[in-house]
Amino acid sequence: MKNKIYLITEYYHENQNTTGYLLGKLYNFLNEQSDIDLVLIAKKDEHCPQYSNAHFISSPKLDKRSLLKRFLYEVSISLKFLLEILRNVKKGSTVFTGTTPIFLLIIIFFTKKIIGFKWVLLVHDVFPENLVAAKVLKNKSYFYKFLKYFFDKVYTSADQVIVIGNDMKELVYSKTQLNNIHVIQNWIDYKDIEVQKKSENKILKELNWHTTDSVVFQFFGNIGRVQGVDVICQAIQKMKYLPLAKFIFIGDGAYASILEEKINQLKLDNVYFWGALDQKEKSIGLNACDVALVTLTEGMLGLGVPSKSYFTMAADKPILAIMEEQAEVSTMVTQHNIGWTTPPEDIEALAKKLDDITLNFTHYKLNSPRNILIENYAEPIAMQKILKVINKLDQAGSKE
């Protein structure tokens, strides 16, 4: 008898965003398993495939710049997920979800009690601790304490938990005190990302940076409240050898317009805000640099792992990890010698590190990030680990 699995996710295809890329890869893998009967429950997107084994829900457009509108969106889409779950998910089946939309976790928590399914939770965000890091809530407020008490119970109710970093595992364990937590780093198919020479990159050509000997630093991805791009801007201004380097910011998010304004105020021809880039041009964006800047602000330890790190590795670019040394990406960069690390929020230290890399880039003997990705973090490795978690849950259920 086939194992009935419901993959419930807001995003499910690479055309949407990084979450869609990751969950889309998982959908394709599980759908190919002969002993799995897979059903997808996802938000409808006319720009993505409409699978026959899927139930799609409609939703309003998400506005990330307004907290109120984002809250209303989260409530609306979660209620629609609730109806689809009650209509379709069967007792004894397995439900696999991520952590978005945020209220989906609450719905799974209650419907699990009503229907009686098994739950595999993939953690990309840790609630409500991430709201404190984003300065949405204060950790001493009664509302935060209530949310933490409730969400700790939600995370504890999952039968198996997958986290994307060892630092995140420690944090989630502090919430659940359970030994059902598995570390499986974000999975990237390296074949999806091309490796380009600097001289051939479309973006660098347009900026006329493709033939320069200057080191091109790049921030690429979501420009939000916890990305620490403001620290990068301040460090750039403190560099001694700034004229010898170039900086490009590619992406969109809640902080993007503020960042663009700050960069325009600098009035520097070697610091450029490119803006949003279509998902189909991801390879071009990732290759528009010599060094990738990957950040996690202070207080974000264990709360997230920047997925851009693995895409950057696929493009064979070294990483400057601006985050705490115990963070997953910092540990990876140091362990495999694929870049540099510097503390978060330390503007002076970052400026010195940027100067050092600018002056000595060609003298560093680093390993190939792409080769490290292929050997340790590639998609097939992660998929087999996830399948093992699912099978373990199925075997435990069959013994009951």
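Being a predicted model, the structure only gives us computed values, none of them experimental. (Residues numbered from 1 in each chain as written. Predicted model: local features only at pLDDT ≥ 70, side-chain atom pairs only at ≥ 80, totals over all residues. Heavy atoms only, no water.)

Colleague: Which parts of the structure should I look at to understand the pattern of salt bridges?
Modeller: Proximity of charged atoms lets side chains of opposite charge pair with each other. Tallying each qualifying case throughout the model produces 16 salt bridges. Here glutamate 84 makes a salt bridge to arginine 87, at a shortest N to O gap of 2.8 Å. Of this pair, glutamate 84 and arginine 87 both sit in helix α2 (residues 67-88), 3 residues apart, which is roughly one turn of that helix. Judged by its relative accessible area of 12%, glutamate 84 is buried. Overall, the relative accessible area of 53% leaves arginine 87 in the exposed class. (Salt bridge = Lys/Arg side-chain N within 4 Å of Asp/Glu carboxyl O. Helix = DSSP H or I, 4+ residues; strand = E, 2+ residues; numbered from the N terminus. Buried < 20%, exposed > 50% of the residue type's maximum accessible area, 1.4 Å probe, protein only.)

Colleague: Would you explain the side chain of aspartate 152 in this entry?
Modeller: Among the structural elements, aspartate 152 can be located in helix α5 (residues 142-157). Not counting residues up to four positions away in its chain, the partners in contact with aspartate 152 are Glu129 and Lys175. (Contact = heavy atoms within 4.5 Å.)

Colleague: I tried to follow the nonpolar core on my own but got confused; where do I start?
Modeller: Inside soluble globular proteins, nonpolar side chains tend to come together where they are buried. Formed by 108 residues in total, the largest nonpolar core has its most connected members in Ile8 and Phe151. With 8 residues, helix α3 (residues 102-115) is the largest single contributor of residues to this core. Apart from the residues lying within four places of it in its own chain, the contact partners of phenylalanine 151 are Ile102, Leu105, Ile106, Phe127 and Pro128. Grouped together as the second largest cluster of nonpolar side chains are 32 residues, Ala235, Phe249, Leu350 and Ala351 included. (Core = buried A, V, L, I, M, F, W, Y, C linked by side-chain atoms within 4.5 Å.)

Colleague: What should I look at first to understand the pairing of strand β1 (residues 3-9) in this one?
Modeller: Each regular strand carries side chains that alternate between the two faces of the sheet. The buried fraction of β1 amounts to 6 of the 7 residues, a majority that puts the element mostly inside the structure. Handedness of the β-α-β unit built from β1, helix α1 (residues 18-31) and strand β2 (residues 36-43) comes out right-handed. In this sheet, strand β4 (residues 94-97) lies alongside β1 in parallel orientation, the contact comprising 4 bridges. When the bridges of β4 are listed, leucine 7 appears paired with phenylalanine 96. (Right-handed = clockwise from strand over helix to strand, strands pointing away. Pairing = 2+ DSSP bridges.)

Colleague: Looking at this model, I keep getting lost on the sheet that holds strand β13 (residues 339-342). Mind explaining?
Modeller: Strand pairs in the sheet, formed through backbone hydrogen bonds, run parallel or antiparallel to each other. In spatial order, the strands read β10-β9-β8-β11-β12-β13; together these 6 strands make up an open sheet with parallel pairing. Only two strands of the sheet have a single neighbouring strand rather than two, namely β10 (271-275) and β13. Neighbouring strand axes in the sheet, compared pairwise and without regard to direction, differ in orientation by 20 degrees on average. Inspection of the sheet shows strand β8 (residues 215-220) paired to strand β11 (residues 291-295) by 2 bridges, in the parallel sense. (Axes fitted to C-alpha atoms, helices over the stretch in contact; angles between N-to-C directions.)

Colleague: How should helix α12 (residues 328-336) be read in this particular structure?
Modeller: In an α-helix, one turn spans 3.6 residues; hence positions three or four apart end up facing the same way. The set of residues buried in α12 consists of Glu328, Val329, Ser330, Met332, Val333 and His336. Tucked into the core, α12 has its buried residues touching α6 (166-176), α11 (308-314), β12 (319-322), β13 and α14 (369-376). Where α12 ends, the next residue or the one after it, asparagine 337, has phi of about 55 degrees, a positive value.

Colleague: I would appreciate a short explanation of the side chain of glutamine 16 in the present structure.
Modeller: Looking at the element boundaries, glutamine 16 is found in the loop between β1 and α1. At a separation of 2.9 Å, a polar atom in the side chain of glutamine 16 contacts the main-chain amide nitrogen of histidine 13. A distance of 3.1 Å separates the side chain of glutamine 16 from the side chain of aspartate 45, its partner in a polar contact. Aside from chain neighbours lying at most four places away, what touches glutamine 16 is Tyr11, Asp45, Cys48 and Gln279. (Polar contact = N/O pair within 3.5 Å; in protein donor to acceptor, adjacent residues only side chain to side chain.)

Colleague: Where do I start with unusual backbone geometry in this structure?
Modeller: A negative phi angle is the norm for most residues apart from glycine, just as the trans form is the norm for most peptide bonds. In the segment running from threonine 100 into proline 101, the intervening peptide bond is cis, with an omega of -5 degrees. Relative to the helices and strands, proline 101 is located in the loop between β4 and α3. With omega at -5 degrees, the peptide bond leading from phenylalanine 127 into proline 128 counts as cis. Topologically, proline 128 is positioned in the loop between β5 (118-123) and α4 (129-133).

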